[in-house]
Amino acid sequence: MTDFQRPRGTRDFPPEEMEQRRIVEDGLRKVARSFNFGEVMTPTFENTELFVAKSGPGIIDEIYAFKDKGDREISLRPELTAAVMRYYVKELHTRPKPLKLYYMGNCFRYERPQKGRYREFWQFGAEIIGAPSLDADAEVLALAYYSVKNLGLNNTVMRIGHLGVLNKFIEELGVSESMKVEVRRMIDKRDFESLRTLPDGAGAKQDVTNRLIELVSLDGGSETLEKAKKLMDGDDISLKELKKLLNILEKYGITDYKLDFGVARGLDYYTGMVFEIDAPNLGAEKQICGGGAYSLSETFGGQPISSTGFAFGFDRLMLARSQDEEELSKLDVYFIPISDDARMKCLEMVTEIRNNGISADIDLLGRKVGKAFGYADTIGAKTAIVIGDKELAEEKVMVKDMATGDQTPINFSELLKHYQN
Ligand code: AMP
């Protein structure tokens, strides 16, 4: 017999976990809506050229790319920003600016699976398109910040950087274009050892290399700006921008960030502010969010337009979330009918209770009362009700509290009210 396995890097989710995932998803949606972001949905697969245009041909090795039966080059989406920008360029660009969009969807990457790194995972992201200002950057940062807070994740760290600052240093190094890309990769990976060898190998200026390493090692709050200023030999336009941004963030009540000029985000469509959020309790795969200001529209044939966005790794949010957060919602009442007539009456009651937003279930196996109580206990029902001919005749039931064992007599006509209280 074939041993039917899930594809590598994919997961099945049992009801308890799905319930928790929906709670988190609802929480994220609620915050996004409170910021006046509207939801969009795009296809699960796109033409491969979309992702190649955004990230270069190397992306093909990292994604699920294939030819469909019509010989078209198709890829399962590895992220959603490209699709949202395609949608913007093709259709949404006529809408009043700024556009504030959010999305939630599954993404696929051909990764080496490990905890927090999957081949199918979910992203929840948001973009503001068409507001070329620090105010839009701050609004996006605030959405990410308050989404995390709202989930009760208190040990996260938001690290904010600016590519204008980083790029200035990289330009001054005096290395080749391809080496600059490499340097960014080193910074992104925090590979300080390789950075130190730059003057020998790539002929980078020693002094600039030293200052660059110092810059990306800075670690602190807004006071770090002064230190960066010293390393830059004076005030720089990007630093000034960053300072303004931090002032705006203060008005949003956000002061517990870290400035980190080593946030490089690896990709060249990012233009200014960049940020990441870490959940340190996750170990190696601790980055739960990445984003920044970018310009991508022109890559997909549109007019250049400023955008700022981010994507949460939804699965990592789930991992990071403290487990004691929300108690699993329990079944309110489990009905145990012990005759055919009682079953008919139970169905009416179950339906009425369910229609009033209270959860109710009914024994479908005709179990003996003792066994049925045992089942109600196993599934965590809060109460259980046995109905037989006696209860039908008296139009009264005993509601058993499963935690205490207490029994309360309730008339049929009062039952709904009992659960509504
Ligand atoms: P990126 O689009 O690479 O900036 O990713 C955004 C976020 O998605 C990251 O910060 C991670 O939290 C999450 N993420 C990326 N790749 C994976 C993966 N293979 N499995 C789970 N989460 C991922």
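Residues numbered from 1 in each chain as written. Predicted model: local features only at pLDDT ≥ 70, side-chain atom pairs only at ≥ 80, totals over all residues. Heavy atoms only, no water.

1. Let's talk about the domain arrangement of the protein
Stage number 1. One can read the domain layout of the protein as domain 1 (12-156 + 279-329), domain 2 (163-254) and domain 3 (333-420).
Stage number 2. Inter-centroid distance (C-alpha atoms) of domain 1 to domain 3 is 44 Å. (Domains from an automatic or database assignment.)

2. Structural notes on the packing of helix α2 (residues 48-55) against helix α3 (residues 81-90)
Helix packing for two helices is described by the angle between their axes and how far apart those axes are.
Stage number 1. Relative orientation of the contacting elements α2 and α3 amounts to 105°, with a least axis distance of 10 Å. Between α2 and α3, the interaxial angle falls into the category roughly perpendicular. When α2 is examined against α3, the residues Leu 50, Phe 51 and Lys 54 are found in contact with a partner set consisting of Thr 81, Ala 82, Ala 83 and Arg 86.
Stage number 2. Each residue belonging to the contact of α2 with α3 can be placed in one class, and the counts come to four nonpolar, one polar and two charged. (Axes fitted to C-alpha atoms, helices over the stretch in contact; angles between N-to-C directions. Helix = DSSP H or I, 4+ residues; strand = E, 2+ residues; numbered from the N terminus. Parallel < 35°, antiparallel > 145°, perpendicular 65-115°, else oblique. Contact = heavy atoms within 4.5 Å. Nonpolar A, V, L, I, M, F, W, Y, C, P; charged D, E, K, R; others polar.)

3. Structural notes on the site of the ligand
Stage number 1. Taken together, 14 residues are adjacent to the ligand, and Arg 109, Glu 111, Tyr 118, Arg 265 and Gln 287 come closest.
Stage number 2. Contacts to the ligand include Glu 111, whose side-chain N or O atom sits 2.8 Å from a nitrogen atom.
Stage number 3. A distance of 3.5 Å separates an oxygen atom of the ligand from a polar atom in the backbone of Gly 313.
Stage number 4. Notes on the ligand: free accessible area 490 Å², of which the protein chains cover 87%.
Stage number 5. Going through the elements one at a time, β6 (120-129), β10 (287-294) and β11 (307-313) are the ones with two or more residues in the shell around the ligand.
Stage number 6. Here the residues of the shell around the ligand sort into five nonpolar, four polar and five charged. (Near = heavy atom within 4 Å. Polar contact = N/O pair within 3.5 Å; in protein donor to acceptor, adjacent residues only side chain to side chain. Areas by Shrake-Rupley, 256 points an atom, 1.4 Å probe, with all protein chains shown as cover.)

4. Comments concerning the sheet that holds strand β13 (residues 360-362)
Stage number 1. Taken together, five strands build an open sheet; the order of strands is β13-β12-β14-β15-β16 and the sheet is mixed. Two strands bound the open sheet, and with one partner strand each, they are β13 and β16 (407-411). Recorded for the sheet is a direction-independent mean angle of 25° between the axes of neighbouring strands.
Stage number 2. By the bridge criterion, five bridges tie strand β15 (residues 396-401) to β16 in an arrangement that is antiparallel. In the strand pairing of β16, Lys 400 is matched with Gln 407.
Stage number 3. Seen against the sheet, helix α13 (residues 340-355) touches β12 (333-337), β13 and β14 (383-387) and runs at an angle of roughly 160° to β13.
Stage number 4. Lying over the sheet, helix α14 (residues 369-378) contacts β12, β14 and β15, oriented at roughly 165° with respect to β12. (Pairing = 2+ DSSP bridges.)

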